[in-house]
Amino acid sequence: MTRLTGTLIGALLSSSMLAGAALAAGTHPVTGEPLADDQTFTYRILDEHSSVDPQVVEDVPGSEIVRDLFEGLMNQDEQGNLVPGVAESYDVSDDKLTYTFHLRENAKWSDGNPVTAQDFVFAWQRAANPELASPYQWYIELMSVRNAAEVIAGDVPPEELGVRAVDDRTFEVTLSAPLPYFPQMTTHATTFPAPRKVVEQFGNDWTRPENIVSNGAYVLTEHVPQERSVRERNEMYWDNENTILDKVVALVINDENVALTRYLAGELDRTEVPAGQFPRLKTEYPDEAISFPRLCTYYYTFNLSESGPEAFKDPAVRKALALAVDRDIVATNIKAGGELPAYTFTPEAVAEFTPPETEMGRMTQADRDAKARELMAQAGYGPDNPLSFSLMYNTDQAHEKIAVALSQMWKQKLGVQTELSNMEWKVFLDTRGQQDFDLARGAWCGDYNEASTFLDLLDSGSGYNDGKYSNPEYDKVLEEAKTAEDTTPLYSRAEEIIAEDMPVIPIYHYAGVYMMDSDVGNWPVDNVEQNWYSRNLYKIAE
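These figures come from a predicted structure and were not determined experimentally.

### Structural notes on the overall build of the protein chain
Thinking step 1. Regarding its fold elements, the protein chain presents 18 helices and 20 strands.
Thinking step 2. Relative to its length of 542 residues, the protein chain is compact, with a C-alpha radius of gyration of 24 Å against a globular reference of 24 Å.
Thinking step 3. In the protein chain, which comprises 542 residues, the share counted as buried stands at 59%.
Thinking step 4. Contacts in the protein chain between residues far apart in sequence, at least 24 positions, make up 69% of those at least 6 positions apart.
Thinking step 5. Accessible area of the protein chain: about 21,700 Å², with a carbon and sulfur share of 47%.
Thinking step 6. Computed over 43 positive and 88 negative side-chain charges, the inter-centroid distance for the protein chain is 2 Å.

As structure tokens, this is what we get:
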């Protein structure tokens with residue numbers, strides 16, 4: 001049996017007791033920094049979030065809000081380590097198939113009712129239920145929860161999912177096969193509890209500010225679509241005594257340069273650095289311009305479904321387009337914020353796996369270009385028969401710059417004609433999800449810190465395999481990796497298959513590149529997943 005140590009829990013409790021006294025004195029309990037009277041954190045997001053329903057949300061900005069509104073079984077600390085959430089501890093059976101989570105007695109919903117194991121059972125069954133059609137439905141299957149595939153397929157009722165409430169404070173999960181990183185996956189929003197009574201009473205409107213009941217450190221108090229959302233301290237949160245920020249405001253600002261102007265005017269505490277401006281801003285604002293590694297990959301995906309271009313069915317064409325992309329120009333000249341050129345789908349920042357060096361990565365750009373021309377001619381495309389296709393991205397200046405640069409590279413090197421199209425975020429997600437595109441922008445940030453969170457995206461059964469890539473050997477490799485003691489050779493083989501088939505074009509691996517007000521304390525720059533919790537932040541008195 002494995003149990004999250006009581007020592008860790010004891011340390012957290014001691015820290016909490018210390019924090020309460022220090023906060024009352026207006027200083028930070030650990031650093032001793034003076035705290036600002038106004039504890040409001042305001043930040044910019046590019047687009048309206050997809051949802052604040054834990055079982056429906058599918059984007060990073062939405063997940064950031066959901067992590068404040070709801071709390072799952074486990075949380076992460078500032079380094080990305082697993083720490084207790086609603087569960088104070090868990091046990092694992094000797095065969096690694098049964099996880100038993102012990103819920104804290106003082107966990108409450110914002111209406112004062114206790115958070116129970118039944119709330120987790122309802123949420124997990126809801127996530128898998130075909131009736132909800134959650135975009136993250138596949139995640140429950142990815143967690144190897146028993147009967148997940150059958151529930152998702154509608155072959156058995158949600159009640160047959162491998163979860164149960166042993167009693168009010170004991171939540172049990174049965175897996176179909178051992179999964180070493182299963183506990184890490186419980187920090188994802190899809191697994192957060194949901195209040196059944198509220199969901200059933202208000203239906204799709206249950207997440208509106210006037211209806212929502214949540215169990216996280218904050219409650220949703222305002223939401224103006226396409227403009228702002230506001231979350232404020234949840235007095236019922238079990239650790240509210242040690243929450244420092246009172247209010248968190250997310251502003252939707254589509255234009256990154258407008259966002260920078262508003263940041264410099266003091267309206268924002270955080271915004272993304274516009275593409276190409278990090279070197280200048282770092283010189284002018286050395287304490288506020290920051291860059292750190294992130295567990296994300298920026299890529300383009302080919303539509304390989306029946307609705308996709310016939311030309312993309314040929315791996316030679318896909319490889320030629322991938323080879324002709326000068327990633328150094330994108331990373332160094334266009335982004336210029338510490339991003340790394342990507343020749344594998346999995347970023348190097350991932351834990352316990354080093355992606356293999358690919359042939360493309362070892363070549364010079366001149367060699368890549370020559371090989372690209374050779375492959376394109378081999379596929380039958382050239383000056384007398386130029387390849388043409390559309391390239392789709394969601395509206396954003398940086399995405400536009402990259403799309404324009406890629407289209408110019410392909411035109412100059414391969415004579416390719418590219419038609420660019422952009423659209424608003426939700427429309428973009430829907431269009432891409434319906435395979436109504438030729439080549440589409442993509443970006444993926446790890447749901448947990450393990451290589452499979454990237455590689456599973458290209459599994460033929462993945463809910464986010466928008467290009468509908470399918471390779472039985474690839475699927476088999478990933479299936480074997482789930483139970484393998486040493487996953488490195490299998491993950492390396494998966495990356496080799498991606499390099500051979502080229503269903504996507506990895507462009508760069510992300511860096512977190514922000515303008516961050518120096519009075520914001522404790523931003524978790526060492527957490528590559530950037531699972532940040534507002535309750536761990538604070539504002540320092542200026």
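Now, onward.
### Looking at the state of the cysteines
Thinking step 1. All chains considered together, the criterion is met by one disulfide.
Thinking step 2. Here Cys-296 engages in a disulfide with Cys-445; their sulfurs sit 2.1 Å apart. Between Cys-296 and Cys-445, the disulfide has an S-S torsion of 110° and is therefore right-handed. With Cys-296 in strand E13 (residues 289-302) and Cys-445 in strand E17 (residues 439-445), the pair connects residues that are 149 residues apart, well separated along the chain. Assigned by exposure class, Cys-296 and Cys-445 land together as buried.

### Describing the packing of aromatic side chains
Thinking step 1. The full count for this structure, using the stated rule, is 40 aromatic pairs.
Thinking step 2. With centroids separated by 5.6 Å and ring planes inclined at 35°, the aromatic side chains of Phe-120 and Phe-171 adopt a geometry described as tilted. Remark: Phe-171 occurs in strand E8 (residues 170-174) and Phe-120 occurs in helix H3 (residues 117-128); sequence separation between them is 51 residues. Both residues of the pair, Phe-120 and Phe-171, belong to the buried class.
Thinking step 3. Ring centres of Trp-425 and Phe-428 lie 6.0 Å apart, and the angle between their planes is 20°; on these two criteria the pair is classed as stacked. Highlighted residues: Trp-425 and Phe-428, both in helix H15 (residues 425-433), separated by three residues, approximately one helical turn.
Thinking step 4. Of the residues examined, Phe-428 reaches a relative accessible area of 0% and is grouped as buried.
Thinking step 5. For Arg-67, the ring lying beneath its charged end belongs to Tyr-533, and the centroid distance is 5.9 Å.
Thinking step 6. Over the ring of Trp-238 we find Arg-104, and its NZ or CZ is 3.5 Å from the ring centre.

### Quick word on the pairing of strand E18 (residues 504-516)
Thinking step 1. For E18, a buried count of 13 out of 13 residues is recorded, marking the element as mostly surrounded by other parts of the structure.
Thinking step 2. Where strand E12 (residues 270-272) lies against E18, three bridges are found, and the strand directions are antiparallel. Residue pairing across strands places Arg-270 opposite Met-516, the latter belonging to E18.
Thinking step 3. Pairing geometry for E13 and E18, over 10 bridges, is antiparallel. Note on E18: the bridge partner recorded for Ser-291 is Val-513.
Thinking step 4. Bridge count for strand E14 (residues 340-341) against E18 is two bridges, and the pairing is antiparallel. Bridging across to E18, Pro-341 finds its partner in Tyr-508.

### Some thoughts on the layout of surface pockets
Thinking step 1. Computed from the structure, the second largest pocket encloses a volume of approximately 670 Å³.
Thinking step 2. Looking at the second largest pocket, it is lined by 28 residues, and the ones nearest its centre are Asp-53, Arg-126, Gly-203, Asn-204 and Trp-206.
Thinking step 3. Elements that contribute at least two residues to the lining of the second largest pocket include exactly H3, helix H7 (196-202) and strand E9 (218-224).
Thinking step 4. Along the lines of polarity and charge, the residues of the lining of the second largest pocket split into nine nonpolar, nine polar and 10 charged.

### Topic: a negative patch on the surface
Thinking step 1. On the surface, Glu-141, Glu-150, Asp-155, Glu-479 and Glu-480 cluster together to form a negatively charged patch.
Thinking step 2. By the secondary structure assignment, Glu-480 is in helix H17 (residues 472-481).

### Focus on the confidence of the model for the protein chain
Thinking step 1. Of the residues in the protein chain, 95% have a pLDDT of 70 or more, and the chain-wide mean is 94.
Thinking step 2. Overall, residues 1-18 carries pLDDT values under 50, and its contacts beyond four positions in sequence, including any with other chains, amount to 27 contacts.

### Quick word on the nonpolar core
Thinking step 1. Counting 141 residues, the largest nonpolar core has Phe-101, Trp-124, Phe-171, Tyr-300, Leu-321 and Trp-410 as the members making the most contacts within it.
Thinking step 2. In contact with Leu-321, other than residues within four places in its own chain, are Phe-302, Phe-312, Met-376, Leu-387, Phe-389, Trp-410, Leu-414, Val-416 and Ile-505.
Thinking step 3. Judged by nonpolar contacts, the second largest core, of 15 residues, contains Val-249, Tyr-263, Leu-268 and Val-513.

### Here we look at helix H10 (residues 315-323)
Thinking step 1. Within H10, seven of the nine residues are buried, leaving the element largely enclosed by the surrounding structure.
Thinking step 2. Taken together, the buried positions of H10 are Ala-316, Val-317, Arg-318, Ala-320, Leu-321, Ala-322 and Leu-323.

### A closer look at the pattern of salt bridges
Thinking step 1. Evaluation of the coordinates by the stated rule reveals 21 salt bridges.
Thinking step 2. Ionic pairing is found between Asp-246 and Arg-233, a salt bridge with its closest N-O pair at 2.9 Å. Within this pair, whereas Asp-246 is found in the loop between strand E10 (228-233) and strand E11 (247-252), its partner Arg-233 is found in strand E10, the two being separated by 13 residues in sequence.
Thinking step 3. With a closest N to O distance of 3.1 Å, Lys-413 and Asp-369 form a salt bridge.

Basis of the calculations
Residues numbered from 1 in each chain as written. Predicted model: local features only at pLDDT ≥ 70, side-chain atom pairs only at ≥ 80, totals over all residues. Heavy atoms only, no water. Helix = DSSP H or I, 4+ residues; strand = E, 2+ residues; numbered from the N terminus. Rg over C-alpha atoms; globule rule 2.2 N^0.38 Å. Buried < 20%, exposed > 50% of the residue type's maximum accessible area, 1.4 Å probe, protein only. Contact = heavy atoms within 4.5 Å. Areas by Shrake-Rupley, 256 points an atom, 1.4 Å probe, with all protein chains shown as cover. Lys, Arg positive; Asp, Glu negative; His and termini not counted. Charge placed at Lys NZ, Arg CZ, Asp CG, Glu CD. Disulfide = S-S within 2.5 Å. Phe/Tyr/Trp six-rings, centres within 6.5 Å; stacked < 30°, edge-to-face > 60°. Lys NZ or Arg CZ within 6 Å of the ring centre and 35° of its normal. Pairing = 2+ DSSP bridges. 1 Å grid on protein atoms, 1.4 Å probe; cavity = no way out; pocket = protein on both sides within 12 Å on 5 of 7 lines; lining within 4 Å. Points joined across faces, edges and corners; volume = space filled by probe spheres on them. Nonpolar A, V, L, I, M, F, W, Y, C, P; charged D, E, K, R; others polar. Patch = residues over 30% accessible without salt bridge, like charges linked within 9 Å, V, L, I, M, F, W, Y side chains within 5 Å. Salt bridge = Lys/Arg side-chain N within 4 Å of Asp/Glu carboxyl O. pLDDT = per-residue confidence, 0-100. Core = buried A, V, L, I, M, F, W, Y, C linked by side-chain atoms within 4.5 Å.

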